[in-house]
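This is what each chain is made of:
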Amino acid sequence: MTYDHCYVIPDQGKMKGGKLYDKYTNLAYFADVTALEDKTQTGVDLEVNVTSYKRGRFMRDPAASTIAAQTRNVSMGIRQSKGALPGVKITLVSGDERRQFQYTGSMSGLYAWLKTTASVDIDLYGPTGTPYDPILAVSNGQAKVTLTK
């Protein structure tokens, strides 16, 4: 399944973070994502040295030929998952906006991160539809809490 962003939610103290798959670039509406690492933007181009090796021209070839050493250009970190995304489905609701995401970390870690970065008032629902306490936007007077290890 394709997605626009794969954000890495950092650990919040002892609460485990994880990857949050954003299919339609909706997370930026709910929270400040500028400090998050986006795994879809981390592709790199590499030069890989391939050593020389022997191979047969066909199966059971008695006279194998030698392939010379060479350099190949490779793009790493650009592939997306072809099948289903890992993790559980979570739902964020703010007024009329209702969006679903896939998340691989702990719900308490996501909740703690949202409390420190929420742009709007959010209702968070877990994978079974369990509602969590409402999260107030940081600008609406909610104290910005930083958790330490």
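Notes on the structure in this doc start here. (Residues numbered from 1 in each chain as written. Predicted model: local features only at pLDDT ≥ 70, side-chain atom pairs only at ≥ 80, totals over all residues. Heavy atoms only, no water.)

**So, the sheet that holds strand β2 (residues 18-22)**
Move 1: Read from one edge to the other, the open sheet built from 6 strands follows the order β3-β1-β2-β9-β8-β10, with strand pairing classed as antiparallel. Two strands lie at the open edges of the sheet, namely β3 (37-38) and β10 (123-125), each paired on one side alone.
Move 2: Summarising the sheet, strand β1 (residues 5-9) and β3 pair through 2 bridges and their orientation is antiparallel. The residue of β3 that forms the bridge with Val8 is Glu37.
Move 3: Where helix α2 (residues 107-117) meets the sheet, its contacts fall on β1, β2, β8 (88-94), β9 (97-103) and β10, and the angle it forms with β10 comes to roughly 165°. (Pairing = 2+ DSSP bridges. Helix = DSSP H or I, 4+ residues; strand = E, 2+ residues; numbered from the N terminus. Contact = heavy atoms within 4.5 Å. Axes fitted to C-alpha atoms, helices over the stretch in contact; angles between N-to-C directions.)

**Concerning the pairing of β2**
Move 1: Among the 5 residues in β2, 4 count as buried, and that is most of the element.
Move 2: Pairing analysis gives 5 bridges linking β1 to β2, with the strands arranged antiparallel. Residue pairing for β2: Val8 is matched across the bridge by Lys19.
Move 3: Bridge count for β2 against β9 is 2 bridges, and the pairing is antiparallel. Across the sheet, residue Leu20 finds its bridge partner in β9, namely Tyr103. (Buried < 20%, exposed > 50% of the residue type's maximum accessible area, 1.4 Å probe, protein only.)

Worth remembering: the numbers are spatial, not functional.
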